[in-house]
Amino acid sequence: AELLGAWLEAAPRPHPEISAARRARAWALALAGGHRAAIDAAIEAAGLQDEPSAALLGRLAALSVRRDDLEAARRALRAAHEAFPQDDVTLRDLGAVELALGRPTLAAEHFTRVVARRPDDLDARRDLAGALVAAGMPRAAMTALAEAIARHPDEPALSLELAHAALEARAGEAAERASRDAIERLDAEDARGHAALGAALLLLGRREAAAAAYDEALRRDPSDVRARQGRDALRAPTARSSRAGRTLAAP
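Conventions we followed
- Along each chain, the written sequence defines residue order, and numbers are assigned to residues from 1.
- Per-residue local features are limited, in this predicted model, to residues with pLDDT of at least 70; the limit for side-chain atom pairs, both in listing and counting, is 80 or more; totals at the level of whole chains, interfaces and linings are taken over all residues.
- Computation of side-chain values: all heavy atoms of the structure, hydrogens and water removed.
- Secondary structure follows DSSP: runs of H or I at least 4 residues long count as helices, runs of E at least 2 residues long count as strands, and numbering of each begins at the N terminus.
- Using a 1.4 Å probe, accessible areas were evaluated by the Shrake-Rupley method; residue-level cover was limited to the displayed protein chains.
- Buried residues of nine kinds, namely Ala, Val, Leu, Ile, Met, Phe, Trp, Tyr and Cys, make up a nonpolar core once their side-chain atoms join them within 4.5 Å.
- The buried label applies to any residue whose accessible area, calculated with a 1.4 Å probe on protein chains only, is under 20% of its type's maximum; exposed applies above 50%, and partly exposed to all values in between.
- Contact criterion: two residues are considered in contact whenever any of their non-hydrogen atoms come within 4.5 Å of each other.
- In a helix, the anticipated span is given by 1.5 Å times the number of residues less one.
- Confidence of the predictor at the level of single residues is given by pLDDT, which spans 0 to 100.
- We count a salt bridge whenever a side-chain nitrogen from Lys or Arg sits within 4 Å of a carboxyl oxygen from Asp or Glu.

A.B. asks: Just checking my understanding: could you explain the overall build of the protein chain for this structure?
C.D. replies: Helix and strand counts for the protein chain stand at 14 helices and zero strands. Reading the helices (α) and strands (β) of the protein chain from amino to carboxyl end gives α-α-α-α-α-α-α-α-α-α-α-α-α-α. Taken as a whole, the protein chain presents about 13400 Å² of accessible surface, with 52% of it coming from carbon and sulfur.

Below, the structure is given as structure tokens:
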């Protein structure tokens, strides 16, 4: 890094190798442990429509994530996007970092742009739905997932994801429909559809049917946490009512 820095100081301007030397110096700084200094150097090297610099910034962002420095990763990815804005991978990675930093609305904006460019990208649609739920917009997530199902009807887990989004929106009937669809689509031993159905039925006030759905989920998978928590929640009020009844009946 020091040798490259000295060469850059002495090199005549303009010089055809300056950009490459700046990128090489940035990577050398990263290898020496200074990922933030490396990002600064890479940003200085980046120009407009500069795919090599954008790729370098993407690698530095990944390095920052591994070093648990999400703010540095965000800065690198934003610079990469500015250098080469048509790269959808950078935009998706930026959305993921924004989501990890607790900025789901910004993440949803990035994922929305990716989906607009790549409407058949299933992972991008799932990312968008997840960010919308995290941002407190579960009904928008339901719309995103319904569109994903229309484009990818053979992906069984999408119905389950739609059921979970509907539960977040407290849309009981939609959650029930999506849960039943998931049960039909998922493998026979998969308990998740029944667990979601139990939650939907409980939301609709159908306690006995909810209990049956939870029991079926636990029969298929005794370790299913959602079903176990739902069944326990159903039992708790009954237990309290029984204790209250005994107290009132006592002399």
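We are not done yet, so read on.
A.B. asks: Can you walk me through the nonpolar core in this structure?
C.D. replies: One recurring pattern in soluble globular proteins: nonpolar side chains tend to sit buried together. If you look at the biggest cluster of nonpolar residues, it comprises 34 residues, and the most contacted ones within it are Leu128 and Met142. Residue contributions to this core peak at seven residues, all from helix 10 (residues 157-168). Those residues in contact with Leu128 that lie beyond four places of it in its chain are Ala108, Phe111, Thr112, Val115 and Ala144.

A.B. asks: Mind showing me how you'd approach helix 5 (residues 70-83) here?
C.D. replies: Since one α-helical turn is 3.6 residues long, residues separated by three or four positions face the same way. Between its first and last C-alpha, helix 5 extends 20 Å over 14 residues, near the 20 Å set by a 1.5 Å rise per residue. Restricting attention to buried positions, one finds in helix 5 the residues Ala72, Ala73, Arg74, Ala76, Leu77, Ala79, Ala80, His81 and Ala83. Looking at the packing, one finds that the buried side of helix 5 touches helix 3 (35-45), helix 4 (51-66), helix 6 (88-100) and helix 7 (104-117).

A.B. asks: Just checking my understanding: could you explain the confidence of the model for the protein chain for this structure?
C.D. replies: Detailed reading of the predicted coordinates is not advisable wherever pLDDT falls low. When pLDDT is averaged along the protein chain, the result is 85, and 82% of the positions lie at 70 or above. Below pLDDT 50 for its whole length, residues 1-18 participates in 19 contacts with residues either more than four positions away or in separate chains. Note that pLDDT drops below 50 for residues 239-251; the model gives that stretch zero contacts with residues more than four away or on any other chain.

A.B. asks: Mind showing me how you'd approach helix 10 here?
C.D. replies: For helix 10, with twelve residues, the first-to-last C-alpha span of 17 Å sits near the 16 Å given by 1.5 Å per residue. Summarising burial for helix 10: nine of the twelve residues are buried, a large majority. Of all the positions in helix 10, only Ala157, Leu158, Ser159, Leu160, Leu162, Ala163, Ala165, Ala166 and Leu167 are classed as buried. Against helix 8 (122-134), helix 9 (138-151), helix 11 (172-185) and helix 12 (192-203) lie the buried residues of helix 10.

A.B. asks: Looking at this structure, how should I read the pattern of salt bridges?
C.D. replies: One side chain can pair with another of opposite charge once the charged atoms of both are near each other. Summed over the entire model, instances satisfying the criterion amount to 20 salt bridges. The residue Glu176 makes a salt bridge to Arg206 at a minimum N-O spacing of 3.0 Å. One end of the pair, Glu176, is in helix 11; the other, Arg206, is in the loop between helix 12 and helix 13 (207-220), and 30 residues separate them in sequence. Given the relative accessible area of 37%, Arg206 is considered partly exposed. Taken together, the shared-partner salt bridges connect Glu71, Arg74, Glu98 and Arg103 into one network.

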